[in-house]
Amino acid sequence: MISTFFSKLLSLATVIICVTAISACQTLPQSASIQKTAATGGIRSGTFNCSGKLFVRYNTQGKPQQFPGRFDWSQQNDKLEIQIYSPVGQTVARITEQPDQASLEQPGKPAILSASLDQLLEEVLRYPLPASGMKHWLQGNIKSTDGQIRQLNPEDQSLEQNGWKLRFASWYSAGKPKRIDISGYTEQAGEVIIQIVLDAED
């Protein structure tokens with residue numbers, strides 16, 4: 001039951017969430033609206049935490065599927081922890097990543113280990129998801145091909161990175177994304193659509 005639930009939830013990103021190593025090769029489109037003071041330093045500190053709702057649409061054997069859930073995202077320098085919950089608050093999975101290892105833990109099941117978060121999700125789902133990209137997107141940032149982390153202007157805008165279409169549909173007044181829509185096509189699951197709605201900061 002839990003395994004089926006978790007499989008449906010992750011069959012996006014999402015956080016997601018949420019793909020082939022997007023952080024390794026990303027394209028900064030000319031249409032992206034970025035702040036003038038864009039650089040690797042000073043955009044966000046090494047610690048980033050957020051929570052929100054996750055809604056995923058995808059296909060299984062040609063049949064459309066959809067699934068809602070919630071997540072907690074905790075990022076500290078090169079360490080990441082993602083808690084995923086059902087709509088009623090049941091813990092579905094815990095995902096962690098460190099520099100040399102990523103793991104997936106589900107209640108009552110042995111942990112699944114892999115070399116990276118992207119590789120872990122692809123091994124579990126059998127198709128890629130934009131997990132690495134979300135490390136930047138959830139903060140309202142994108143990573144360009146020169147390795148620079150660039151902060152987007154807080155406005156409704158769409159762009160594309162490594163085959164995934166992004167729309168930063170709405171923002172909080174402090175410059176934090178409120179809603180992010182992510183979509184892309186995979187051979188295994190057809191069109192995958194991820195909608196993330198972040199909670200307001202306290």
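See the structure shown above.
Here's what I pulled together on the structure shown here. Just so we're clear, the structure is a prediction, and the values are computed from it rather than from any experiment.

### Some words on the overall build of the protein chain
Thought 1: The number of helices and strands found in the protein chain is three helices and 12 strands.
Thought 2: Counting the 202 residues in the protein chain, one finds 47% classified as buried.
Thought 3: Summed over all atoms, the accessible surface of the protein chain reaches about 10,000 Å², with 46% contributed by carbon and sulfur.

### A word on the pattern of salt bridges
Thought 1: Taken as a whole, this structure holds seven salt bridges when the rule is applied.
Thought 2: One salt bridge in this structure joins D199 and R70, with 2.5 Å as the shortest N-O distance. Note that D199 is positioned in the segment after β12 (190-198) and R70 in strand β2 (residues 63-76), a separation of 129 residues in sequence.
Thought 3: Under the relative-accessibility criterion, D199 is labelled partly exposed at 26%.
Thought 4: Taking relative accessible area as the criterion, R70 reaches 29% and is therefore assigned partly exposed.

### Description of the packing of aromatic side chains
Thought 1: Following the criterion strictly, the structure yields one aromatic pair and no others.
Thought 2: With centroids separated by 5.7 Å and ring planes inclined at 25°, the aromatic side chains of F168 and W171 adopt a geometry described as stacked. Exposure class is identical for F168 and W171. Each is buried.

Rules behind the numbers
- Counting starts from 1 at the beginning of each chain's written sequence and moves along it residue by residue.
- With the structure being a predicted model, the display of local features is reserved for residues of pLDDT at least 70 and the display and counting of side-chain atom pairs for 80 or more, all residues being used for whole-chain, interface and lining totals.
- Only hydrogens and water are set aside when side-chain values are computed; all heavy atoms of the structure are taken into account.
- Helix numbers and strand numbers start at the N terminus; a helix is a DSSP run of H or I with at least 4 residues, a strand a run of E with at least 2.
- Residue burial is assigned from relative accessible area. The probe radius is 1.4 Å, only protein chains are included, and a residue is buried under 20% of its type maximum, exposed over 50%, and partly exposed in between.
- The protein chains shown are the only cover counted for residues, whose accessible areas, like all others here, come from Shrake-Rupley with a 1.4 Å probe.
- Salt bridges are defined as contacts in which a side-chain nitrogen from Lys or Arg sits within 4 Å of a carboxyl oxygen from Asp or Glu.
- Classification of ring pairs rests on two measures: the distance between centres of Phe, Tyr or Trp rings, Trp counted by its six-membered ring, which must be within 6.5 Å, and the angle between planes, read as stacked under 30 degrees, edge-to-face over 60 and tilted in between.

The values reported here are purely geometric and, on their own, carry no functional implication.
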